[in-house]
Amino acid sequence: MKEKIHAFRIKYQNNPGWYWLIAIIFLFPILPEYISPFILFIGFIVFKRQWTKEGRKAKVGTLGKLEIVFMCLALLSALWSDSKLDTLGSAGLWWGMFLIQVMIYNLVKTRERIDKVFKTITLSAAANGITGTLQIITYMLYDLGYISEKFVFVTPFYKNLDYAVYSWLPFSINTNTFDDRASGFYSNPNLLCTSMLVAYPISIYLFLNGKNKKEKIFYFAANLLISAGISSTLTRAGCVIALLGWVFMFIILAKRHAKELLTIFIPTVAVIVPSILTRYGLIFSSKSVVTDTAAAKTNNIVSNYIANYTNTENFITAKRSTDAHLEIWQSVWDYISSHINVFIGGLGFGCESTGAFLYETYNLNKPHAHNFVFEIWAELGIIGILLLLAIILCTFGKLIEINANNGKKFDLVFCVFTSLMLFLLFGLSDYVFNSPKQIILFMIILGLTQAISQCYEKTLIKSTDDLVKATSKTFKEITKLKK
């Protein structure tokens, strides 16, 4: 054991930044949101000291430069923002989370390290999946009267600690939670769902490219836990998007991986579809916590959950939620389109301004636009949303330009592509830049894109014609690739 510790110490001393990067990627989704950023800051300082000692300069790449322009605009918007502290704080979060992308771009220089990052993301997501599954199962058992409240896995995991920390702060923070929907180590079911959607294609990539049967079984189990994590949130959009993600991957990868993808699909459907049906009240009836177990038994709570096909309460609730989203989007667009200054430059970075006009002008007590396009447009205007779209398009372009001329390389590129796609699709129904734990997911995907781009040969895209050629080449490679 001493020899192993000594060997690890030598490895760490030779490259401390790398080991801190792996620790950050694993721990950030698990630790509370008021601790995770500090782990990142410490890790970045270690990395920067290492780079300075070795006489290197940290690079940010083309994507990084575009992001810096976007984040500078976010900071600059404090000049015209009515909620300057929120604007500076929100912009600061983006600048802080950007550090992980810089670390990935500079440290992940080999294909082996890319795989290591993929494995770390999957393991961290699986840990969240286990936690979310225990939360939803123990809650249901308690609500059915089979166990007492003391055996219920707290939702969210840091609920009591969160309350203590937020109560201590000199300003107010909303600590509302959902007892009947799992949050894992996150503070909200939608935050957990965002993380699971990003990890879902990555876990499939590891399963498809497992070196032996043992690895395949391990990553199959990890994917099952991630699917269960998505299901435990009872987030309708997230569950549907996960299924669409599998369909998309099957269409593209079926030629080489049809049997394996069908193997993945069985547990995915088995744990995700019941979640969708539950949200619409077709099989279970999700409701508030029952605090009196004896009364729960007396009133036969089981009937609220099992085979309740005639119950329309959840279906009506789901429809109201959909209608509420449409009302929010219509209101945001009405406000943007009727205020030329907001249309062009926005109200200032941060959700507080959006929540304010939704309440004051439209009597909607909502914290944000529930759509990243509308939200960024309201905050930074057409200039801001075009800058963000440029970053997204540049990211997709970098993935398309890679010469994915063998099976594993194509799987790698395609799964990162799918992760970003699922993240953005979910962002059309919920704002996915509302937390450091969500923002860092975006930065990790962009960092991985840059890392893959520098590890593999590529056809540089400098014009629209280059993009068309690269895309055409990618589709040709799909049809040519063999297992």
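To be clear, the structure that these remarks concern was listed above.
In this report, we go over the structure that sits alongside the text. Treat the numbers as computed from the prediction; the structure is a model and nothing was measured.

## Observations concerning the overall build of the protein
Here comes step 1: The helix and strand tally for the protein stands at 18 helices and 0 strands.
Here comes step 2: Here the protein holds 483 residues, and the buried ones make up 53% of them.
Here comes step 3: Put simply, of all contacts in the protein between residues at least 6 apart along the chain, 78% involve residues at least 24 apart.
Here comes step 4: Here the protein has roughly 22,500 Å² of accessible surface; of this, 65% comes from carbon and sulfur atoms.

## Quick word on unusual backbone geometry
Here comes step 1: Cis peptide bonds are those with omega within 30 degrees of zero, and the linkage from Thr155 to Pro156 qualifies with -10°.
Here comes step 2: You will see that Asn363, though not glycine, has its phi angle at about 55°, which is positive.
Here comes step 3: Mapped onto the secondary structure, Asn363 falls in the loop between α14 (352-362) and α15 (372-400).
Here comes step 4: Despite not being glycine, His370 has its phi angle at roughly 55°, a positive value.
Here comes step 5: Mapping His370 onto the fold places it in the loop between α14 and α15.

## Side note on the environment of Val247
Here comes step 1: By the secondary structure assignment, Val247 is in helix α10 (residues 236-279).
Here comes step 2: Classification of Val247 by relative accessible area gives partly exposed; the value is 37%.
Here comes step 3: Here the alpha-carbon distance between Val247 and Phe265, two residues 18 residues apart in the chain, equals 9.0 Å.

## Observations concerning the packing of aromatic side chains
Here comes step 1: Using the criterion set out here, one finds 31 aromatic pairs in the structure.
Here comes step 2: Each ring, one from Phe218 and one from Tyr219, has its centre 5.2 Å from the other, and the planes form 85°; the classification is edge-to-face.
Here comes step 3: Where Tyr431 meets Phe433, the ring centres are 5.9 Å apart and the plane angle is 80°; that geometry is what we call edge-to-face.
Here comes step 4: Taken together, the aromatic side chains of Phe70, Trp94, Phe349, Phe372, Phe423, Tyr431, Phe433 and Phe442 make up a single cluster linked through ring pairs.
Here comes step 5: A cation over a ring is seen here: Lys437 above Tyr186, with NZ or CZ 4.6 Å from the ring centre.

Rules of the game
- Residues numbered from 1 in each chain as written.
- Predicted model: local features only at pLDDT ≥ 70, side-chain atom pairs only at ≥ 80, totals over all residues.
- Heavy atoms only, no water.
- Helix = DSSP H or I, 4+ residues; strand = E, 2+ residues; numbered from the N terminus.
- Buried < 20%, exposed > 50% of the residue type's maximum accessible area, 1.4 Å probe, protein only.
- Contact = heavy atoms within 4.5 Å.
- Areas by Shrake-Rupley, 256 points an atom, 1.4 Å probe, with all protein chains shown as cover.
- Phe/Tyr/Trp six-rings, centres within 6.5 Å; stacked < 30°, edge-to-face > 60°.
- Lys NZ or Arg CZ within 6 Å of the ring centre and 35° of its normal.

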